[in-house]
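# Residue-level structural notes
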Amino acid sequence: MKRLAALICTFVAIAACSLVAQQTPSSGAKNAQTTLEYMGAAGWRITDGTTVILVDPYLSRILGPPPPLVPPYTRLPGDTRQVYGWNDVAVPDVAAIDARVSRADYVLVTHTHYDHVLDVPHIALKTRGTVIGTESTQNVMRAYKVPEGQLITVRGGEDYDFGAFSVRVIPSLHSPLDHKHYFSSETAPAGMKAPLTLEQMHPEGGTLAYLIRFQGHKILVFGGMNYIEREIEGLEPDVVLVGAGGSRRESYDYTGRLLRALHFPALVIPTHWDNFFAPYGVSQKSSEDALQPFVLEVRAASPNSKVIVPKYFELIPLETVTK
């Protein structure tokens, strides 16, 4: 009887452990080091060494049309890159992409401007990664024959579990460019055929943010310089990638309201602040100088938050951050 009782206890213990394992999301525990890597513009690589998540990956850095009120980029001597207009067919820099991107399990796109989506069809076809984005983004993917099975269309409000991580899709806003006159309700239409001009590829199609739960971290990623305050209240990420370009100043108390709504994240990293028309090797000092007011805004609104100004392709390990 004693032996039978011991066997029963052992079986119950194993079953209980198995049940707990099934009920615990794999994205909830810190099992491996998670790193962030800035790719320029609004682009990021997030990985634990096993799963690779890209957000707005844009490495081509073409000389395309600048945003409203931004002066055209003046090429340095020896810069022979083509200058693109809105009616020109956009050609990604495949060599630059392939040199930096070999894997992508998921690609999250915040909106369909060319500095966010131009490189995504090539990356998706190369890596067979799943692209998550709006209908506008997916119509660009379809034009380049990215298989439908790789596309997950979202509109904001979805909260999906992918096993290795989960992601909540946050309705958001682009930014108040052009002294608050910027507004876009255009969507890239269905039925387009590649190759696309920049104008065909550029309709915003609505803007999203993403809350990525990964290896015990909650990483909130923005791709523009605005947000909907009620949509982010109570998210409490430990890491937030904040759009920090100059158009943020068009919104009232942009940084303070954001950090208060998020309950003062442990780590704040600016994104989409660099001059993405310049090649990677060109100095970004003027953009870094223009970013300093944002850094001061963060320190004033959330003194206990750590601020990291990212460097291109330099790994930022999240294990070193404590809240």
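Above this text is the structure in question.
Everything numeric here is computed off the predicted structure, so don't read it as measured data.

The peptide bond linking alanine 194 to proline 195 adopts the cis configuration, its omega dihedral lying at 5 degrees. Along the chain, proline 195 turns up in the loop between strand 8 (165-172) and helix 6 (198-201). Despite not being glycine, alanine 41 shows a phi value in the positive range, around 55 degrees. If you trace the backbone, alanine 41 turns up in the loop between strand 1 (35-40) and strand 2 (43-47).

The next point concerns the packing of aromatic side chains. Counted under the stated rule, the structure contains 16 aromatic pairs. For the ring pair tyrosine 38 and tryptophan 273, a centre distance of 6.2 Å and an interplane angle of 20 degrees mean the geometry is stacked. One end of the pair, tyrosine 38, is in strand 1; the other, tryptophan 273, is in the loop between strand 12 (267-271) and helix 9 (285-301), with 235 residues separating them in the sequence. Judged on exposure class, the residue tyrosine 38 and its partner tryptophan 273 are both buried. An angle of 75 degrees between the planes, with centres 6.2 Å apart, marks the rings of phenylalanine 165 and phenylalanine 214 as edge-to-face.

Once that is clear, we can look at the sheet that holds strand 7 (residues 159-161). One open sheet holds the seven strands; their spatial order is 7-8-9-10-11-12-13, and the pairing between them is mixed. Looking at strand neighbours, the two that pair on one side only are strand 7 and strand 13 (306-307), the edges of this open sheet. As paired strands, strand 11 (residues 239-243) and strand 12 are joined by five bridges and run parallel to one another. Bridge pairing in strand 12 places valine 240 opposite valine 268. Strands strand 11, strand 12 and strand 13 of the sheet are contacted by helix 9, whose axis makes an angle of about 160 degrees with strand 12.

Rules and cut-offs
- Residues numbered from 1 in each chain as written.
- Predicted model: local features only at pLDDT ≥ 70, side-chain atom pairs only at ≥ 80, totals over all residues.
- Heavy atoms only, no water.
- Helix = DSSP H or I, 4+ residues; strand = E, 2+ residues; numbered from the N terminus.
- Phe/Tyr/Trp six-rings, centres within 6.5 Å; stacked < 30°, edge-to-face > 60°.
- Buried < 20%, exposed > 50% of the residue type's maximum accessible area, 1.4 Å probe, protein only.
- Pairing = 2+ DSSP bridges.
- Contact = heavy atoms within 4.5 Å.
- Axes fitted to C-alpha atoms, helices over the stretch in contact; angles between N-to-C directions.

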